[in-house]
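# Notes for the structure review
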Amino acid sequence: MDYSQFLMMPQEIGLLATFLLVFLYDTFMPAKCQKQLPLFTALVFAIYTAVSFIPCCTGTAFAGMFEQSQATWAMKGILNIGTFLVILQAVKWTNSDFVSVRRGEFYELLLLTLFGMFLMVSARNFLLFYIGLETASLPLAALAAFEKNHYESREAAAKYIFTAIFSSAIMLLGVSFVYGLSGSLNFATIGQALVSKQSALLIVAVAFVISGVGFKLSLVPFHNWTADVYQGAPTAVTSYLSVISKGSAAFAFLLILTQVFGSVYADAWKWMLYAIIVLTITIGNLFAVRQRNLKRFLAFSSISQAGYIMLGVIAANTLGMASMMYYVVVYIFSNLAAFGVIAAIERKTGKVTTDDYNGLFKTNPWLSFTMMVAMFSLAGIPPFAGFFSKFFVFAGALNGADVAIYVLVLIALVNTIISLYYYLLVVKAMFIRQDECVIPSFKSDWTEKAGMIICVLGIVLLGLASCVYTALADYATASDALFQLIR
């Protein structure tokens, strides 16, 4: 093997180096220095994130199993930003008395899952994709059970791992059908072979693969685990699950559908995704209206948001890829701002229901403002970035569309109005309800404040800085060859 091929993996190698530094610090530094591990991890990862945005060489490695393109490079950078914010917001929690004994494990497992997601994003072979999928999924089960003395945390981990096992089995069955039809696990080879081998078995294989990856994205009807896991897992883990896991899975999903199953785009998976998108957005919204626990509320919100992300996938073109990536980066800032507020209040008071937030503005105006901006962005209210992210995914879906896609986008627009209602319920509770606030005034840790400030700035500036979307569109255009089977 030519070891120079590893030069095609600078972000993966940098992440492993970061992991080793954190592991060595956790293992060998004296006890008096262990409390600084979270800040050390945040600092090292911030440096790595900044360096990872330096443009790197593009091409394939390991007999075409791994590909580095401008689009994958940008997507990994987006995931790094989200992970850094999670690490920063979790500093105070990992230094708490109950978690401090295992703080090193939290960061090591977190970085390991991110490495698996990087492999998913760059995989051009089902074998490497599955390795990345399991590398990302199994440590997440351990993270969900991190507060092991809490019944809900153990329950969340059990539900997550069992659902992951069954979804992986379904996906592998679909991959076995694909291998039987094409004789290969390489995406490009399979795509070319399936052009002349379209059959009912291929349609079944597509459905099974969509089912397997749909679990990672919490798409309906593969979503039942989401609310229980989000509620039971530690809030830092929930925030990571809600944004980083979804972003990587959505990008990998787009590549699999276009490169492997592009020849049956119009005959099979376009119509499957139409149905899944409608169900995901609608059911996510309707169930979110009923929630009073804010973690369950954001769980169903994230299910609905996954449906909007899929609008970029259904477009199956460079505009769709760019809009999907832009939606993910906006979603990262918006959702992590909301989870940052929830984590700070839960850590200080243990309150996590909507009713607990009544009159919050009177006692904690900064937290109320941050949550309001996050809710406005998630709802798609201008001029916040969430409005533009929805606009771009709608535009991407309608590019070269048929009549059915207009109906789909219309349904998505109607659901946006429904989502506006329940997002504003949270804002109403904080600013309008006159009930006496049960959450006292308190000061958040500086790392929590820093994370929320970055998120708020991201929400505001991404709605104003068009250069971000333009850059992502350029990266997607450079990967135009991904969609050649659909033309």
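Summarised in this report is the structure supplied together with it. Quick caveat, the model's predicted, so the values are computed rather than measured.

## Quick look at a nonpolar patch on the surface
Where nonpolar side chains cluster on the molecular surface, the patch consists of Ile453, Leu457, Val460, Leu461 and Leu464 and spans about 450 Å² of accessible area. Mapped onto the elements of the fold, valine 460 is located in helix 19 (residues 446–462). Residue classification places valine 460 among the partly exposed positions, given a relative accessible area of 32%.

## What about the environment of serine 444?
Its place among the elements puts serine 444 in the loop between helix 18 (403–431) and helix 19. Residues serine 444 and arginine 124 lie 320 residues apart in sequence; the distance between their C-alpha atoms is 44 Å. Non-local contacts of serine 444, meaning those with residues more than four positions away in its chain, are made with Ala344, Leu367, Lys449 and Met452.

## Points about the pattern of salt bridges
Following the criterion strictly, the structure yields six salt bridges and no others. For the salt bridge of glutamate 67 with arginine 124, the shortest nitrogen-to-oxygen distance reads 2.7 Å. Of this pair, glutamate 67 sits in strand 2 (residues 66–68) while arginine 124 is found in the loop between helix 5 (103–122) and helix 6 (126–144), placing the two residues 57 residues apart along the sequence. Beyond isolated ion pairs, a larger network of salt bridges with shared partners links Glu155, Lys159, Asp228 and Arg296.

## Digging into the packing of aromatic side chains
This structure, assessed with the given rule, holds 30 aromatic pairs. Plain terms: the ring middles of phenylalanine 45 and tyrosine 48 are 5.4 Å apart, the flat faces sit at 65° to each other, and that makes the pair edge-to-face. In this pair, phenylalanine 45 and tyrosine 48 are both assigned in helix 2 (residues 37–52), three residues apart and thus about one turn of the helix distant. When its relative accessible area of 0% is taken as the criterion, phenylalanine 45 is described as buried. Relative accessible area serves as the criterion here: at 8%, tyrosine 48 is assigned to the buried category. Members of the aromatic cluster, connected to one another through ring pairs, are Trp93, Phe106, Tyr107 and Phe146. Here the basic side chain of arginine 102 rests over the ring of phenylalanine 146, its NZ or CZ set 4.9 Å away from the ring centre. Between lysine 390 and the ring centre of tyrosine 308, over which it is positioned, the NZ or CZ distance is 4.8 Å.

## A short note on the environment of serine 167
The residue serine 167 is located in helix 7 (residues 151–182) in this model. As for serine 167 and leucine 202, which are separated by 35 residues in sequence, their C-alpha atoms are 18 Å apart. Residue contacts for serine 167: discarding those within four places in its chain leaves Gly212 and Phe215. Only 3.0 Å separates the side chain of serine 167 from the backbone oxygen of alanine 164, close enough to count as a polar contact.

## What to know about helix 5
With 20 residues, helix 5 extends 30 Å between its outermost C-alpha atoms, agreeing within 8% with the 28 Å of an ideal straight helix rising 1.5 Å per residue. For helix 5, the buried fraction is high: 17 of the 20 residues fall into the buried class.

## Some remarks on the nonpolar core
Core analysis: the biggest nonpolar cluster contains 172 residues, and Phe106, Phe129, Phe261, Trp269, Tyr357 and Met375 have the highest contact counts within it. The greatest single-element share of this core, amounting to 19 residues, is contributed by helix 14 (residues 318–349). In this view, phenylalanine 129 contacts Met120, Ala123, Met171, Phe187, Val213, Ala252 and Ile256; residues no more than four positions away in its chain are not counted.

## Quick word on the packing of helix 5 against helix 11 (residues 235–259)
For any two helices packed against each other, the geometry is given by the interaxial angle and the distance between the axes. At their nearest, the axes of helix 5 and helix 11 sit 9 Å apart, and the two run at 15° to each other. The pairing of helix 5 with helix 11 is recorded here as roughly parallel in orientation. Pair helix 5 / helix 11 crosses with left-handed handedness. Taking contact as the criterion, the partners of Phe106, Leu110, Thr113, Leu114, Met117, Met120 and Val121 in helix 5 are, on helix 11, Ala236, Val237, Tyr240, Ile244, Ser245, Ser248, Ala249, Phe251, Ala252 and Leu255. Its residues assigned to classes, the contact of helix 5 with helix 11 comprises 14 nonpolar, three polar and no charged.

## Quick word on the side chain of serine 334
Along the chain, serine 334 falls in helix 14. Owing to a relative accessible area of 1%, serine 334 belongs among the buried residues under this scheme. A distance of 2.9 Å separates the side chain of serine 334 from the backbone oxygen of valine 330, its partner in a polar contact. Among the polar contacts made by the side chain of serine 334, one reaches the side chain of serine 377 at a distance of 2.7 Å. Leaving out residues up to four positions away in the same chain, serine 334 has contacts with Ala374, Ser377, Leu378 and Ile459.

## Re the packing of helix 5 against helix 6
Relative to each other, helix 5 and helix 6 sit at 155°, their axes nearing to 7 Å. Overall, the two elements helix 5 and helix 6 adopt an arrangement that is roughly antiparallel. Regarding helix 5 and helix 6, the two cross each other, and that crossing is left-handed. Between helix 5 and helix 6, the contacting residues are Phe106, Leu109, Leu110, Leu112, Thr113, Phe115, Gly116, Met117, Leu119 and Met120 on the first element and Leu128, Phe129, Ile131, Gly132, Leu133, Thr135, Ala136, Pro139, Leu140, Ala142 and Leu143 on the second. Residues belonging to the contact of helix 5 with helix 6 are distributed by class as follows: 17 nonpolar, four polar and no charged.

## Regarding the side chain of serine 245
Of note, serine 245 is situated in helix 11. When its relative accessible area of 2% is taken as the criterion, serine 245 is described as buried. Discounting chain neighbours no more than four positions away, the residues touching serine 245 are Met117, Leu140, Lys216 and Tyr240.

Conventions we followed
- Residues numbered from 1 in each chain as written.
- Predicted model: local features only at pLDDT ≥ 70, side-chain atom pairs only at ≥ 80, totals over all residues.
- Heavy atoms only, no water.
- Patch = residues over 30% accessible without salt bridge, like charges linked within 9 Å, V, L, I, M, F, W, Y side chains within 5 Å.
- Areas by Shrake-Rupley, 256 points an atom, 1.4 Å probe, with all protein chains shown as cover.
- Salt bridge = Lys/Arg side-chain N within 4 Å of Asp/Glu carboxyl O.
- Helix = DSSP H or I, 4+ residues; strand = E, 2+ residues; numbered from the N terminus.
- Buried < 20%, exposed > 50% of the residue type's maximum accessible area, 1.4 Å probe, protein only.
- Contact = heavy atoms within 4.5 Å.
- Phe/Tyr/Trp six-rings, centres within 6.5 Å; stacked < 30°, edge-to-face > 60°.
- Lys NZ or Arg CZ within 6 Å of the ring centre and 35° of its normal.
- Polar contact = N/O pair within 3.5 Å; in protein donor to acceptor, adjacent residues only side chain to side chain.
- Expected span 1.5 Å × (residues − 1).
- Core = buried A, V, L, I, M, F, W, Y, C linked by side-chain atoms within 4.5 Å.
- Axes fitted to C-alpha atoms, helices over the stretch in contact; angles between N-to-C directions.
- Parallel < 35°, antiparallel > 145°, perpendicular 65-115°, else oblique.
- Left-handed = near helix turned anticlockwise from the far one by under 90°.
- Nonpolar A, V, L, I, M, F, W, Y, C, P; charged D, E, K, R; others polar.

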